[in-house]
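The residues making up each chain are set out below.
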Amino acid sequence: MSPISMAAETVDPLPQHTLLVFLLQIGALLLLALVLGRLAGRFGLPTIVGELAAGVLLGPSVLLHTAPGLSGWLFPQDATQMHLLDAVGQLGVLLLVGFTGMHLDLKVVRTHGGKAAGVSSAALLLPLALGVWLGYALPGELRPADADPAVFAWFVGVAMCVSSIPVIARVLVDMKLIHRNVGQMILVVGTVDDAVGWLLVSVVTAMATTGVGAHEIATPLWHLAVVILVVLTVGRWLVRSVLRVVSRAASRGVTISATVILLVLAGAGAQALGFEAVFGAFLCGILIGAQGTDAQARQLEPLNATVLSFLSPLFFALAGLRIDLTALIHPKTALWGLCALVVAVASKFLGAFIGSVFSRLSRWEALALGAGINARGVIQVIIAVVGVRLGLLNTAMYSIIVLIAILTPLMAPPILRVATKRIEYTADEARREERVLALQGMPDVLEPDTAGPAAVPRTPAGDPAHERGVPVHPT
């Protein structure tokens, strides 16, 4: 028997009905995400708000209660069906975070790395401490009966202290702040928060399963050291070599393929070491941005447009699809949910402010940093799912954590808009914007009558109006 016939007998092809439902799911999610994303833009909000709302409307919060038959047919509780969507969404967020890493200016990291470390430390420790206190204070009905109170409290603390690089990245891109110094600082602080957050998740997972010991604490720290060592040595050499070979081909398709391969493999490496794949993709994106040329950046514009217009909206709509807000109808649950939201938001802002004071940043920079790293989003949703799997969260507490994940990204845009208008626009930021424009494939000047309705004329560097920039995607 030939290998082909053996494979055909071993693995059944995708059933026709499963494929049909999958295509209809993608169409419905993208259509509603596009409509609500543009509607959110009309109100001055990032498109991610509309994309999350699209999932909420099509999920158990709304559609399941208004049209249960349609909901059960279009979004059946079938693992295979959801895994198909998850696979596409995970690829989208991995590439989105990879492109975000390409925007990171290593000069800012070297210049302001100490300040970012100071802000990150305070913005991690204070929410962690207050979150643990909240975990002990929560009533028994919000904690599973068989969950250890100490482990539960530490898990709540970890959930309160994380940020979300995918959400932060999308907000900064939507608001054209990715090239600003404060935007770069937000990315650095958010990356540190995420890395330490996943280390803490590993420790709490060990506490909930095998107990905590020296091995359980040392393993994730050792893995993080391996990741950093690989990035600074083999990773840097590999990315430089690949981009050098790609430049000889002088082909847009080769550049796009090589970039996707590097990001996907970096994500796989991080996943193998117990971190989220997006962490590896972000670090790889930094290397690509540092080693690549402007010509290669311009060649990536079609891939960037595909990610921002298709894959990324689908991922955020899927995140909203898993949310059931009806669990928060009970008054006592709603009251404790409000308390948890206040603790989460206040601790992040206060931690960012304290860290900014010690780092000698201005109050407007402190406000912008607090708004940026306050966005929990998808990472907090993922951590909540981990908590359910470990038996540390019941439905009510899961819904509270997810609600915080939804609401905190909504707070960032208006605060960032106010704060960044009062932060001086520098020559370095103007230079960095040229790099961003190259990555987006934009010309130096866009004329509204030739570039389409989404185009905005550029203003001179240094002009306060310059921060409006050039749109990076059609929504």
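Residues numbered from 1 in each chain as written. Predicted model: local features only at pLDDT ≥ 70, side-chain atom pairs only at ≥ 80, totals over all residues. Heavy atoms only, no water.

### Brief notes about the overall build of the protein chain
Note the cut-off: Only DSSP runs of H or I covering at least 4 residues are called helices, and only runs of E covering at least 2 are called strands; the numbering of each starts at the N terminus. A 1.4 Å probe rolled over the protein chains alone gives each residue an accessible area, and that area as a share of the maximum for its type sets the label: buried under 20%, exposed over 50%, partly exposed in between. Two residues form a contact once any of their heavy atoms are found within 4.5 Å. Only the protein chains shown count as cover for residues, and the accessible areas themselves come from Shrake-Rupley with a 1.4 Å probe.
Along the backbone of the protein chain there are 21 helices and 0 strands. The buried share of the protein chain, reckoned over its 475 residues, is 51%. In the protein chain, 81% of the contacts between residues at least 6 apart in sequence involve partners at least 24 apart. By element, 69% of the accessible surface of the protein chain is carried by carbon and sulfur atoms, the whole surface being about 20,500 Å².

### Observations concerning the packing of aromatic side chains
Put simply, the rule reads: Two rings from Phe, Tyr or Trp (for Trp, the six-membered ring) form a pair when their centres sit within 6.5 Å of each other. Planes less than 30 degrees apart are called stacked, planes more than 60 degrees apart edge-to-face, and all others tilted. Note on geometry: a ring has a charge over it if NZ (lysine) or CZ (arginine) is within 6 Å of the ring centre and within 35 degrees of the ring normal.
Within the structure shown, the criterion is met by 1 aromatic pair. When the ring of Phe315 is compared with that of Phe316, the centres are 5.4 Å apart and the planes differ by 75°; the resulting orientation is edge-to-face. Like Phe315, the residue Phe316 is buried in the burial classification. If you follow Arg143 out to its NZ or CZ, it ends over the ring of Phe152, 6.0 Å from the centre.

### Examining the confidence of the model for the protein chain
The cut-off we apply is this: The quantity known as pLDDT measures the predictor's confidence residue by residue, on a range of 0 to 100.
The share of residues in the protein chain with pLDDT of 70 or more is 85%, and the mean pLDDT across the chain is 79. No element of the protein chain has a lower mean pLDDT than helix H21 (residues 448-451), at 35, and none a higher one than helix H2 (residues 16-42), at 91. Counting contacts from residues 443-475, a segment whose pLDDT is below 50, to residues more than four positions away or on other chains yields 58 contacts.

### What to know about unusual backbone geometry
The backbone phi angle of Lys176 is positive, close to 55°, even though this residue is not glycine. Inspection of the secondary structure assignment puts Lys176 in the loop between helix H9 (165-174) and helix H10 (181-209). Here Lys176 falls in the partly exposed class, since its relative accessible area comes to 22%. Here Arg360, not a glycine, exhibits a phi torsion of approximately 60°, which is positive. Tracing the backbone shows Arg360 in the loop between helix H16 (331-358) and helix H17 (363-373).

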